[in-house]
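Working through the structure, step by step
One letter stands for each residue in the lines below.
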Amino acid sequence: MSELTSIRIDNPKLLADMDHLLEKKKTQLFIKRVFDFIVSIIGLIILLPFFLIISLIIKLDSKGPVFFKQIRVGKDGKEFKILKFRTMVQDAEKKGMQITVGKDIRITKSGHVLRKTKIDELPQLINVLIGDMSFVGPRPEVPKYVKLYDVNQRNILKVRPGITDYASIEYKNESDILALSDDPETAYIKTIMVEKLSLNLKYLSNMSLFTDAKLIFLTIFKIIR
């Protein structure tokens, strides 16, 4: 277990008044939203030519739409459609689980590269722009798994989900870890998801603009390393 996953928040008293904590951070959250809005616009403008190239590669590689859309649960339990560049064959969710495991046969040739470099996540700048997501925050989960959250874990739904967080950094190779299990979905629900939620709660308790900057830097470092 790494340094990140070893830090848990199991004491209910630390999260008993999350609403009060978030109320105290209203100004910080406002600044965070302004930052998200401005930087996402700039990012989309700069990356537009790159988006067009990636879109062409995806279309030439396999049949199906350029973007993959999936229902996720966001702030206050509101559902939204998260956007990614499609990295799997068309209708992949009908042909398997909602998690990917190892060298999943549903992943396309271009999809392997897009996933490894995290380029497939770039369309989420649109989610950030319209307010569904933030650059930093708990990664949004599908409704199926959110239904399994306990009362304490549901505290993460009190903030906008993010493109990156502690859990994204810790479990960058999540699919490879799951490939080692005989029952990947059970391993995800009982082990990985629990650890990720613990890290999400850690983020909420220590949330700050400095923490966000640190997580963005760590994410970039992990990708290029």
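Rules used in this analysis
- Residues numbered from 1 in each chain as written.
- Predicted model: local features only at pLDDT ≥ 70, side-chain atom pairs only at ≥ 80, totals over all residues.
- Heavy atoms only, no water.
- pLDDT = per-residue confidence, 0-100.
- Helix = DSSP H or I, 4+ residues; strand = E, 2+ residues; numbered from the N terminus.
- Contact = heavy atoms within 4.5 Å.
- Core = buried A, V, L, I, M, F, W, Y, C linked by side-chain atoms within 4.5 Å.
- Buried < 20%, exposed > 50% of the residue type's maximum accessible area, 1.4 Å probe, protein only.
- Axes fitted to C-alpha atoms, helices over the stretch in contact; angles between N-to-C directions.
- Nonpolar A, V, L, I, M, F, W, Y, C, P; charged D, E, K, R; others polar.

It is worth spelling out the confidence of the model for the protein chain at this point. Per-chain confidence: the protein chain averages 87 in pLDDT, with 89% of residues scoring 70 or above. Element-level mean pLDDT values for the protein chain span from 82 in helix α7 (residues 174-178) up to 98 in helix α4 (residues 124-130). Scored below 50 in pLDDT, residues 1-11 makes 24 contacts in the model with residues more than four places away or belonging to other chains.

Our focus in this paragraph is the nonpolar core. Judged by nonpolar contacts, the single largest core of 26 residues is most densely connected at I54, I58, F85, L114, Y203 and L215. Those elements that place two or more of their residues in this core are α1 (18-24), α2 (26-61), β2 (79-85), α4, β3 (134-136), α6 (166-170) and α8 (184-205). The element contributing the most residues to this core is α2, with four residues. Contact partners of I54, with chain neighbours within four places excluded, come to F85, L114 and I119. Counting 14 residues, the second-largest nonpolar core is a separate cluster that includes I156, L157, I192 and L201.

Our focus in this paragraph is the packing of α2 against helix α9 (residues 209-224). The interhelical angle for the contact between α2 and α9, taken along N-to-C directions, is 35°, at an axis separation of 10 Å. Together, Q28, I31, K32 and F35 of α2 and L209, D212 and I216 of α9 make up the contact between the two elements. Looking at side-chain class alone, the contact of α2 with α9 contains four nonpolar, one polar and two charged residues.

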